[in-house]
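Coordinate inspection notes
Single-letter residue listing:
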Amino acid sequence: MFGVEITGLGIYVPSRKITNFDLEKIMDTSDEWIYQRTGIKQRYVVENGISTSDLALAASKIALEEARRKGVKDIDYIILATNSPDYLIPSTSSVLQGKLGISAGTLDVFSGCTGFVYALIVASSLIKSNLSKNVLLVGAEAISKYLDWQDRTVSILLGDGAGAFVLSQTNDKDKGIIDSNVGTDGTLAELIYIPAGGTKKPFDKKSLEEREVYIKMQGREVFKKVVSILPTEIKKLLDKNGLKPNDVDLYIFHQANIRIINTVVETLEIDKSRVYNNIEKYANTSAASIPIAFYEAYMNGLVKPGSIVLFSGFGAGFTWANVLWKI
Ligand code: UT7
C-alpha cells in the first residue's frame, strides 16, 4: 500500500465579477438579503464562448507546473468533477486532455457539488492500489450557463471557477486519504436538478419556453437536509478514527451557504479558526468550491506536513461525502 501526496495546486476564476449590487439592477433582490441569507457578496461568471474545460485548463496548467517542478513527469489519469460539462457527450475530462496535450486516461465525476470529494476518493484509491502514480484531479464549473437570471432563488447562489490538484504516489503510506464516508438519497433527486435536456425529458421548444433547461432548487429543503445529515456523518467519521472535532487542523466545506457551514461548525463545537471559507468572494462554485477553498487555505499557510484536513461536500443527488486527509 502507498500514500498520496499533493504535488501541485492551481485555481482559476473568470475575470467578469458580478456583485450583489449588480444583481440588484437586474432582479428583485438586495445585497442585504443575499449576504445575510448566504454569506455571498460577489461571484465570477464566464464570458460567452468560454466553457468549463477552459477554466479547468487554466487551473490545471498551474497545478501541473508546480508538480513538474517537484519531479512529476507523467499523468496517468485526468479525473474531472463537474455539473456543467462542455458537452453531454463526450466527457469534459477528454476535452481537457486534448487541450493539455498530455497522454492520460480520462474520467468525469458527475455527482453534484459533492463531485470533487467523490473524485478525491477515486483518485486516491487508484494511487494507493498502485494502478496509478499521478492523477490530475479537477473540479470545474461554468455553471452560470445553467442559471435562469429570472429566478432570483437560484441565480444569486452560484458562480464559475476551477481548482486542480496533482496527486502523486509516495512511499509514506500515512500521507493522503485516511478514511471517508459517503452517502446518497436518490429519492431526493429533484431537490436540485435541471428538468429537461436528459433522456427523461429531452430538450425541445416547450422545455425552453418553460425554462426547464435551467437549474431548479428547493433551497429550504436542501438546507434542512444538509444540516440534519452532515454533523452526524462527520462525527461518525471522526469517532471511527479516534479523533475529536478539534483534532482536525483544517475543515474545507463545500461553499454553498455560510449559515449551513456555521450550523455544522456550531453543532460539532469546532473551533472557527479551523474552518476556511471564501463563499463571500466566489459564491457557490459547485464541484469547484472545495479545491478553490483548499488552495487559498494552503496559500495562507493553514496547513503543514502532518496536518489533518477534513473535506466535506454535499449537493445534488442528493449526495454527501467526507474525506479525512493527512498532508
Ligand atoms: O450546492 C448545492 C446546495 N445548495 C444549497 O446548499 C442551498 C441551500 N439553501 C439555501 O442556501 C437557502 O435555502 C436559500 C439561500 C436558497 C434561501 O434562503 P431561505 O432562508 O431558505 O429563504 P426562502 O427560500 O425560505 O425564502 C424566504 C423569502 C421568500 O419570500 P416570502 O415567501 O417569505 O415572502 C422568498 O421569495 O425570501 C424570498 N427570496 C428572496 N428575496 C430577495 C428568495 N430569493 C430571494 C432573493 N432576494 N434572491
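A brief report on the enclosed structure follows. A quick note: this is a predicted structure, and the numbers were derived from the prediction, not measured.

**Overview of the pattern of salt bridges**
If the charged atoms of two oppositely charged side chains come close together, the side chains can form a pair. The full count for this structure, using the stated rule, is 18 salt bridges. Taking the shortest distance from any N to any O, the salt bridge between Lys175 and Glu5 comes out at 3.5 Å. Of the two residues, Lys175 sits in the loop between β7 (161-170) and β8 (176-184) while Glu5 sits in strand β1 (residues 3-12), which places them 170 residues apart along the sequence. On the accessibility criterion, Glu5 (27% relative accessible area) is partly exposed. Among the salt bridges present, the one from Glu296 reaches Lys281, with a minimum N-O distance of 2.9 Å. With a gap of 15 residues between them, Glu296 in helix α11 (residues 289-299) and Lys281 in helix α10 (residues 279-282) connect regions that are remote in the sequence. Take Glu296: its relative accessible area is 9%, and that puts it in the buried class.

**Remarks on the site of the ligand**
Around the ligand, the structure places 23 residues, and the nearest of them are Thr29, Arg37, His254, Asn257 and Asn284. Within the contact set of the ligand, a nitrogen atom lies 2.9 Å away from a backbone nitrogen or oxygen of Gly219. Separating an oxygen atom of the ligand from a side-chain N or O atom of Asn284 is a distance of 2.7 Å. Look at the ligand: alone it shows 960 Å² of surface, and the protein chains cover 74% of it. If you list the elements that add at least two residues to the shell around the ligand, you get α2 (31-38), α6 (152-155), α8 (219-240) and α9 (258-267). For the shell around the ligand, the element with the most residues is α8, which contributes four residues. In terms of residue class, the shell around the ligand is built from 11 nonpolar, seven polar and five charged. When residues of the shell around the ligand are assigned to domains, at least three fall in each of domain 1 (3-172) and domain 2 (177-326).

**A closer look at the packing of helix α3 (residues 52-69) against helix α4 (residues 92-100)**
The contact between α3 and α4 brings their axes to 9 Å, and the two run at 55°. Between α3 and α4, the crossing angle belongs to the class labelled oblique. When you trace α3 past α4, the crossing you get is right-handed. On the side of α3, the interface is formed by Thr52, Ser53, Asp54, Ala56, Leu57, Ser60, Lys61 and Leu64, while α4 contributes Thr92, Val95, Leu96, Lys99 and Leu100. Of the residues belonging to the contact of α3 with α4, the class tally is six nonpolar, four polar and three charged.

**A word on α3**
End to end, α3 covers 26 Å across 18 residues, agreeing with the expected 26 Å (1.5 Å per residue, within 8%). Those residues of α3 that fall on the buried side of the exposure criterion are Thr52, Ser53, Leu55, Ala56, Leu57, Ala59, Ser60, Ala63, Leu64, Glu66 and Ala67. Check the buried side of α3 and you find it contacts β1, β4 (77-81), α4, β6 (134-141) and β7. In the stretch just after α3, Gly71 is the one whose phi turns positive, near 100°.

**Concerning the environment of Ile127**
Mapped onto the elements, Ile127 comes out in helix α5 (residues 115-128). With 122 residues separating them along the chain, Ile127 and Glu5 place their C-alpha atoms 9.8 Å apart. Excluding its chain neighbours within four sequence positions, the residues that come into contact with Ile127 are Phe2, Gly3, Val4, Ser132, Lys133, Val135, Leu167, Ser168 and Gln169.

Procedures and definitions
- The numbering scheme is per chain: residues are counted from 1 as the chain's sequence reads.
- Owing to the predicted nature of the model, reporting of local features is limited to residues with pLDDT of at least 70; listing and counting of side-chain atom pairs is limited to 80 or more, with chain, interface and lining totals taken over all residues.
- To obtain the side-chain values, all non-hydrogen atoms of the structure were used and water was disregarded.
- Within this document, salt bridges are pairs made up of a side-chain nitrogen of Lys or Arg and a carboxyl oxygen of Asp or Glu, the two lying within 4 Å of each other.
- Strands here mean DSSP runs of E at least two residues long; helices mean DSSP runs of H or I at least four residues long; both are numbered from the N terminus.
- Note on classification: 1.4 Å probe, protein chains only; a residue is buried when its accessible area is under 20% of the maximum for its type, exposed when over 50%, partly exposed between these limits.
- It suffices for a single heavy atom of a residue to lie within 4 Å of a molecule or strand for the residue to be listed as near it.
- We define a polar contact as two N or O atoms separated by no more than 3.5 Å, with the added condition that, inside protein, one atom must be a possible hydrogen donor and the other a possible acceptor, whereas residues neighbouring each other in sequence contribute only through side-chain atom pairs.
- Note on areas: Shrake-Rupley with a 1.4 Å probe; residue coverage comes only from the protein chains shown.
- Under the convention adopted here, Pro, Cys and the residues Ala, Val, Leu, Ile, Met, Phe, Trp and Tyr are nonpolar, Asp, Glu, Lys and Arg are charged, and Gly plus all remaining residues are polar.
- Just so you know, the domain bounds were taken from an automatic or database domain assignment.
- For helices, the fitted axis covers only the stretch in contact; all axes are lines through C-alpha atoms, and the angles between them, taken along N-to-C directions, range from 0 to 180 degrees.
- Here the angle decides the label: under 35 degrees means roughly parallel, over 145 means roughly antiparallel, 65 to 115 means roughly perpendicular, and every other value means oblique.
- Crossing handedness is defined as follows: a turn of the near helix away from the far one that is anticlockwise and smaller than a right angle gives a left-handed crossing, while the clockwise case is right-handed.
- Any two residues having at least one pair of non-hydrogen atoms within 4.5 Å are treated as being in contact.
- Here the expected span of a helix is defined as 1.5 Å times the quantity of residues minus one.

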